[in-house]
Amino acid sequence: MNKKRVYSGIRATGRLHLGNYFGAVKGMLALQDNYDCIFSVVDLHTITVPYDSSKLQSSIREIIIDYLAAGLDPKKCHLEIQSKVLGHVELAYLLSTIYPVSRLEDLPTYKDKKAQYPKYINMGLLYYPVLMASDVLLYKGELVPVGIDQEPHLEVMREIARKFNSMFGHTFPEPQRFKTDGDYVPSLSGGGKMSKSIVGSYINLTDDIETIRTRLALAPTDSGKIGGEVPKEGGVANLFSLLRLFKLDSQYKKFEQDYMNKNIHYAELKEVLTQGIYKELKPFQERRKIFEEDSNLVDSIIEEGRLKCIKIAQETMVEVRKKMGLS
Ligand code: TYM
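Residues numbered from 1 in each chain as written. Predicted model: local features only at pLDDT ≥ 70, side-chain atom pairs only at ≥ 80, totals over all residues. Heavy atoms only, no water.

Student: Describe the layout of surface pockets, and please don't skip the residues or the numbers.
Tutor: Its volume calculated, the second largest pocket comes out at about 150 Å³. Taken together, the elements giving at least two residues each to the lining of the second largest pocket come down to helix H1 (18-31) and helix H10 (235-245). Considered class by class, the residues forming the lining of the second largest pocket number two nonpolar, two polar and five charged. Looking at the lining of the second largest pocket, you find at least three residues from each of domain 1 (5-184 + 295-323) and domain 2 (209-288). (1 Å grid on protein atoms, 1.4 Å probe; cavity = no way out; pocket = protein on both sides within 12 Å on 5 of 7 lines; lining within 4 Å. Points joined across faces, edges and corners; volume = space filled by probe spheres on them. Helix = DSSP H or I, 4+ residues; strand = E, 2+ residues; numbered from the N terminus. Nonpolar A, V, L, I, M, F, W, Y, C, P; charged D, E, K, R; others polar. Domains from an automatic or database assignment.)

Student: Describe helix H13 (residues 295-323), and please don't skip the residues or the numbers.
Tutor: For H13, spanning 29 residues, the distance from its first C-alpha to its last is 42 Å, which sits close to the expected 42 Å at 1.5 Å a residue. Along H13, the residues classified as buried are Val298, Ile301, Ile302, Gly305, Cys309, Ile312, Ala313, Thr316, Met317 and Val320. At the exit of H13 stands Gly325, carrying a positive phi of roughly 80°. (Expected span 1.5 Å × (residues − 1). Buried < 20%, exposed > 50% of the residue type's maximum accessible area, 1.4 Å probe, protein only.)

Student: Explain the side chain of Asp207 to me, and be specific about the residues and the numbers.
Tutor: Structurally, Asp207 can be placed in the loop between strand E5 (176-178) and helix H9 (209-217). Once residues lying within four places of it in the same chain are set aside, the contact partners of Asp207 are Ile212, Arg215, Tyr278 and Gln285. (Contact = heavy atoms within 4.5 Å.)

Student: Let's hear about empty space enclosed by the protein: which residues, and what values?
Tutor: Under the criterion given, the structure shown has one cavity of 30 Å³ or more. One number sums up the size of the largest cavity: a volume of about 50 Å³. Lining of the largest cavity is provided by Pro74, Cys77, His78, Leu79, Ile301, Glu304, Gly305 and Lys308. Breaking the lining of the largest cavity down by element, the ones donating at least two residues are strand E3 (77-81) and H13. For the lining of the largest cavity, the leading source of residues is H13, giving four residues.

Student: Describe the domain arrangement of the protein chain, naming the residues involved and giving the relevant values.
Tutor: Domain parsing of the protein chain yields domain 1 (5-184 + 295-323) and domain 2 (209-288). Summed over both sides, the interface between domain 1 and domain 2 buries roughly 930 Å², with carbon and sulfur atoms accounting for 60% of that surface. For domain 1, the biggest contributors to the area lost against domain 2 are Leu18, Phe22 and Ala69; these three give 52% of the whole. Where domain 1 meets domain 2, there are three salt bridges. Between Asp66 and Arg288 there is a salt bridge; the shortest N-O distance is 2.6 Å. Taken together, the connections running from domain 1 to domain 2 amount to five residue pairs in polar contact (both at pLDDT 80 or more). For the side of domain 1 that touches domain 2, the elements supplying multiple residues, two or more each, are H1 and helix H3 (53-70). Here the side of domain 1 that touches domain 2 takes six residues from H3, the largest share from any one element. Each residue belonging to the side of domain 1 that touches domain 2 can be placed in one class, and the counts come to seven nonpolar, two polar and five charged. (Buried area = accessible area lost by both parts, 1.4 Å probe. Salt bridge = Lys/Arg side-chain N within 4 Å of Asp/Glu carboxyl O. Polar contact = N/O pair within 3.5 Å; in protein donor to acceptor, adjacent residues only side chain to side chain.)

Student: Which residues make up the nonpolar core, and what values do they have?
Tutor: Counting 61 residues, the largest nonpolar core has Leu18 and Phe240 as its most contacted members. For this core, the element with the highest residue contribution is H3, accounting for nine residues. Taken together, domain 1 (5-184 + 295-323) and domain 2 (209-288) each give at least three residues to this core, which thus spans both. When residues no more than four places from it in sequence are discounted, the contact partners of Phe240 are Val230, Tyr252, Phe255, Glu256, Tyr259, Ile264 and Leu269. (Core = buried A, V, L, I, M, F, W, Y, C linked by side-chain atoms within 4.5 Å.)

Student: Could you give an account of the packing of H9 against helix H12 (residues 266-293), with specific residues and numbers?
Tutor: At a minimum axis separation of 9 Å, H9 and H12 run at an interaxial angle of 140°. Looking at the two axes, H9 sits oblique to H12. Where H9 crosses over H12, the handedness of that crossing is right-handed. Residues Ile209, Ile212, Arg213, Leu216 and Ala217 of H9 form the contact with H12, whose participating residues are Lys270, Glu271, Leu273, Thr274, Gln275, Ile277, Tyr278 and Leu281. (Axes fitted to C-alpha atoms, helices over the stretch in contact; angles between N-to-C directions. Parallel < 35°, antiparallel > 145°, perpendicular 65-115°, else oblique. Left-handed = near helix turned anticlockwise from the far one by under 90°.)

Student: Explain the site of the ligand to me, using residue names and the numbers behind them.
Tutor: Taken together, 27 residues are adjacent to the ligand, and Tyr128, Asp135, Asp149, Gln150 and Val185 come closest. In the environment of the ligand, an oxygen atom lies 3.0 Å from a nitrogen or oxygen atom belonging to the side chain of Asn20. Asp135 has a polar side-chain atom sitting 2.6 Å from a nitrogen atom of the ligand. Expressed as a share of its isolated accessible area of 710 Å², the protein-covered part of the ligand is 97%. Taken together, the elements giving at least two residues each to the shell around the ligand come down to strand E1 (5-10), H1 and helix H7 (123-138). (Near = heavy atom within 4 Å. Areas by Shrake-Rupley, 256 points an atom, 1.4 Å probe, with all protein chains shown as cover.)

Right, here's the structure in full:
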């Protein structure tokens, strides 16, 4: 029996942070043993916001190395660099002809980016979800390990798949999100999610223990003398969420009790977190060094992934062109 296909991608916007790790990479790791997986560095999505073209190639490679260091195994999954498989762009164009512009303009992710970069509202930004749909549908992906912030894009993907199937005959599955425990990692700075674009909000997977300590030291708390239930949102709530994500359960209970008794010491909580986070990241950082030092190995993994992905993509494109009357 054929295994279900899984696809996910991460933009090459810099070092991976804990949000990427819990929302996406943990899901990828959970799926690679039992599914037919393709995990990508989505460089074409990366260039929809201002970026430095002289650094893009090295950023792409860093994400591939992060994937390998996190434990993605090229014997179990294919690693892809999106722009190296031309089918993504071709399929995105073809799919864009069956999808309304108005729906794309209404997406919260598009509105957020417009607000964030008012001088950089480009076609690629509007196109983003269509390209993302083409990423997954090119490989007929059924499961997509991503954070909850990507749900609106998954909805577009399913709408496009349904529309295509109804117009041209059944071709694509309707991809579903694969959820992880950490599909929403909050910002360290209080409100919203952990995000690369918000300074003070994140911890990177490559941070050493001192950096982790410093970043946590800046996370807002309260007087520690409030008592009652642990808050559901804000700085304190986020520190408690991190205790949960790092499975520091007995410490969670202790600090919860301290909070209720109005004698919580945040410096102590932050130190427990620092140690817990570093313990999880240390093996990742050690494995990372091995790949950093073996560039031939990384090159061959990238090339192998490219060849495998091109082959699968070509099969889909032959079918799509034929169904749409283009051949
Ligand atoms: P990107 O690079 O913005 O995010 C990569 C992944 O990290 C997850 N993520 C989070 N999860 C939980 N909590 C957070 N604070 C947090 N911050 C980021 C994101 O949900 C994502 O899974 N649009 C995608 C890239 C993409 C893609 C695809 C994904 C392009 N094509 C096809 C899957 C399939 C994105 O958000 O990348």
